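The residues making up each chain are set out below.
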Amino acid sequence: MSTDIVDRLRGVAVGAAIGDALGMPLEFGPAIPTDRLGRTMQPGRLPAGAFTDDTEMALALAESLLARRPLDPADLAGRFVAWFRARPPDIGRHTRLTLKRVYRGEPWAAAAAAVQAENPESASNGSVMRCWPVALAHWDDLDHLLADSRLQSLVTHQHPECVAGSAFVNLVIYHLVHGAAPREAVGQALDGADPPSALRQAIEAASSKPRAELPNSGWVRHTLESAVWGLLTTGSFEEAVVQVVNLGNDADTAGAVVGALAGAAYGLGAIPAAWRATLHGEWPLRSGVRWDEARLIVLADSLADSARQIVRLSDGRTNP
Ligand SMILES: [Mg+2]
């Protein structure tokens with residue numbers, strides 16, 4: 001594992017939380033005109049720099065992966081329910097409906113299937129917004145990366161586009177971390193995730209769409225379209241995230257997804273220092289424990305087992 005890979009893996013964790021926090025004040029709002037794009041952390045429902053449910057759910061997934069690997073969906077569901085019981089200020093409708101059933105005693109698989117059956121067309125972005133810890137835990141293991149990306153979605157979001165969308169996001173991260181250029185990484189991830197054709201077409205067309213035609217809604221198809229557009233039409237972490245969060249609407253979630261992708265593409269070192277210094281959140285919710293960039297870096301290193309990988313590399317016993 002090279003230091004370059006470590007920087008990219010850290011960039012995924014910090015980048016996702018930064019995109020979430022930067023988008024937070026713009027959530028549910030209209031697209032911001034291009035001559036007035038927000039480029040600084042601003043307060044909204046939360047103080048400036050605060051991350052939201054997207055990152056909180058990712059932290060639950062990360063801690064589940066630190067405890068058990070490959071992913072144990074019952075363990076993950078239990079951690080989601082503990083978070084749900086702490087009354088998060090922000091929670092998606094589909095997620096809330098599913099976790100309420102699990103809280104009342106239904107097994108996760110039955111709960112998620114029942115909510116999907118009641119809302120067969122529901123394909124919201126709740127599982128793609130939080131899936132990045134799987135890409136860190138399995139940064140060198142494509143089979144487990146694919147399986148656990150899909151499984152973490154099935155725990156709450158069983159629609160095929162949500163399941164394949166999660167695999168797609170983490171495959172883009174995988175290929176970027178291993179040095180692919182953004183457009184190449186997207187193409188390889190489409191091949192690996194094999195999403196339903198409508199989602200594939202949306203992703204393939206994203207980078208040629210005009211800004212005005214990006215609704216950036218809570219639909220997984222719109223979120224992935226925005227994130228891919230941001231990644232492929234810009235040349236830096238800052239510009240990718242600024243362009244996407246200023247689309248408004250589900251700004252924090254699209255911001256979290258493009259932040260993870262751009263973090264993988266450009267690495268932690270490319271994320272603006274002022275954003276990194278302001279970033280914070282509370283985890284576990286209502287615990288009073290403040291998270292900042294340093295904690296996210298430790299988490300990323302733990303998930304990727306970076307220290308051990310670097311030692312093994314210097315011993316010459318493995319190749320990145
Ligand atoms: Mg949110």
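Everything here concerns the structure above.
Scope of this entry: the structure provided in the associated data block. None of these values were measured; they are calculated from a predicted model.

Brief notes about the overall build of the chain
For the chain, the count of helices and strands is 16 helices and two strands. For the chain, whose C-alpha radius of gyration is 18 Å, the value lies close to the compact-globule estimate of 20 Å for 320 residues. Based on the C-alpha atoms only, the size of the chain along its principal axes is roughly 50 × 45 × 45 Å. Of the contacts made within the chain by residues no fewer than 6 positions apart, 70% connect residues no fewer than 24 positions apart.

Quick notes on helix α8 (residues 160-177)
With 18 residues, α8 extends 26 Å between its outermost C-alpha atoms, agreeing within 8% with the 26 Å of an ideal straight helix rising 1.5 Å per residue. Within α8, 17 of the 18 residues are buried, which leaves the element mostly enclosed by the surrounding structure. At the C-terminal side of α8, Gly 179 shows a positive phi close to 105°.

Regarding the nonpolar core
Membership of the largest hydrophobic core comes to 103 residues, with the highest contact counts inside it found for Val 12, Leu 136, Ile 173 and Leu 261. Non-local contacts of Leu 261, meaning those with residues more than four positions away in its chain, are made with Val 172, Ile 173, Leu 176, Ala 227 and Leu 231.

Overview of the packing of α8 against helix α9 (residues 182-193)
At a closest axis distance of 8 Å, the pairing of α8 and α9 adopts a crossing angle of 140°. Looking at the two axes, α8 sits oblique to α9. The element α8 and its partner α9 pack so that their crossing is right-handed. Counting all contacts with α8, which are made through Ala 164, Ala 167, Phe 168, Leu 171, Val 172, His 175 and Leu 176, the residues of α9 involved are Pro 182, Glu 184, Ala 185, Val 186, Gln 188, Ala 189, Leu 190, Gly 192 and Ala 193. Broken down by class, the residue content of the contact of α8 with α9 amounts to 12 nonpolar, three polar and one charged.

Quick word on the environment of Gly 23
Looking at where Gly 23 falls in the secondary structure, it is placed in helix α1 (residues 3-23). Overall, the presence of 33 C-beta atoms within 10 Å leaves Gly 23 in the buried class. Separated by 231 residues in sequence, Gly 23 and Ala 254 have C-alpha atoms that sit 8.0 Å apart. Once residues lying within four places of it in the same chain are set aside, the contact partners of Gly 23 are Val 245, Ala 251, Asp 252, Ala 254 and Gly 255.

Thoughts on unusual backbone geometry
The step from Arg 69 to Pro 70 runs through a cis peptide bond, and the omega angle for that step is 0°. Put simply, Trp 283 and Pro 284 share a cis peptide bond, and its omega is -10°. Considering the arrangement of structural elements, one finds Pro 284 in the loop between β1 (281-282) and β2 (290-291). In this model, Asn 249 sits at a positive phi of 55°, which is unusual for a non-glycine residue. For Asn 249, the location among the structural elements is in the loop between α12 (237-245) and α13 (251-266). Even without being a glycine, Arg 286 presents a positive backbone phi close to 70°. Looking at Arg 286, the number of C-beta atoms within 10 Å reads 12, which means it is exposed.

Regarding the packing of helix α3 (residues 73-85) against helix α4 (residues 93-103)
Describing two packed helices takes the angle between their axes plus the distance from one axis to the other. Packing of α3 against α4 leaves a shortest axis separation of 9 Å and a crossing angle of 105°. With respect to each other, α3 and α4 are oriented roughly perpendicular. Along the contact surface, α3 presents Ala 77, Phe 80, Val 81, Phe 84 and Arg 85, while α4 presents Leu 99, Val 102 and Tyr 103. Residues belonging to the contact of α3 with α4 are distributed by class as follows: seven nonpolar, no polar and one charged.

Comments concerning the environment of Arg 10
Structurally, Arg 10 is set in helix α1. Residue classification places Arg 10 among the buried positions, given that 25 C-beta atoms sit within 10 Å. Separated by 254 residues in the primary sequence, Arg 10 and Ala 264 place their C-alpha atoms 8.1 Å from one another.

Observations concerning the environment of Val 177
Inspection of the secondary structure puts Val 177 in helix α8. Its 28 C-beta neighbours within 10 Å are what place Val 177 among the buried residues.

The rules behind the values
- Along each chain, numbering runs from 1 in the same order as the chain's sequence is written.
- Note on the predicted model: pLDDT of at least 70 is required for a residue's local features to be given, and 80 or more for side-chain atom pairs to be given and counted; whole-chain, interface and lining totals, by contrast, use all residues.
- Working definition: helices are DSSP H or I runs of at least four residues, strands are E runs of at least two. Numbering for both runs from the N terminus.
- Only the C-alpha atoms count toward the radius of gyration. The rule for a globule is 2.2 Å times the residue count to the power 0.38.
- Two residues qualify as a contact pair if the distance between their C-beta atoms, derived from the backbone, is within 7 Å.
- Between the first and last residue of a helix there are one fewer steps than residues, each counted as 1.5 Å, and that sum is the expected span.
- Between the buried cut of 20 or more and the exposed cut of 12 or fewer other C-beta atoms within 10 Å of a residue's own C-beta lies the partly exposed class, and all C-beta atoms are placed from the backbone.
- Residues of type Ala, Val, Leu, Ile, Met, Phe, Trp, Tyr and Cys that are buried and joined through C-beta atoms within 7 Å form what is called a nonpolar core.
- Each axis is a line fitted through C-alpha atoms, and for a helix only the stretch in contact is used; angles between axes span 0 to 180 degrees, taken between their N-to-C directions.
- Working definition: roughly parallel below 35 degrees, roughly antiparallel above 145 degrees, roughly perpendicular at 65 to 115 degrees, and oblique for all remaining angles.
- Crossings are sorted by hand: turned counterclockwise from the far helix by less than a right angle, the near helix makes the crossing left-handed, and turned clockwise it makes it right-handed.
- For this classification, the nonpolar set comprises Ala, Val, Leu, Ile, Met, Phe, Trp, Tyr, Cys and Pro, the charged set comprises Asp, Glu, Lys and Arg, and every other residue, Gly included, is treated as polar.

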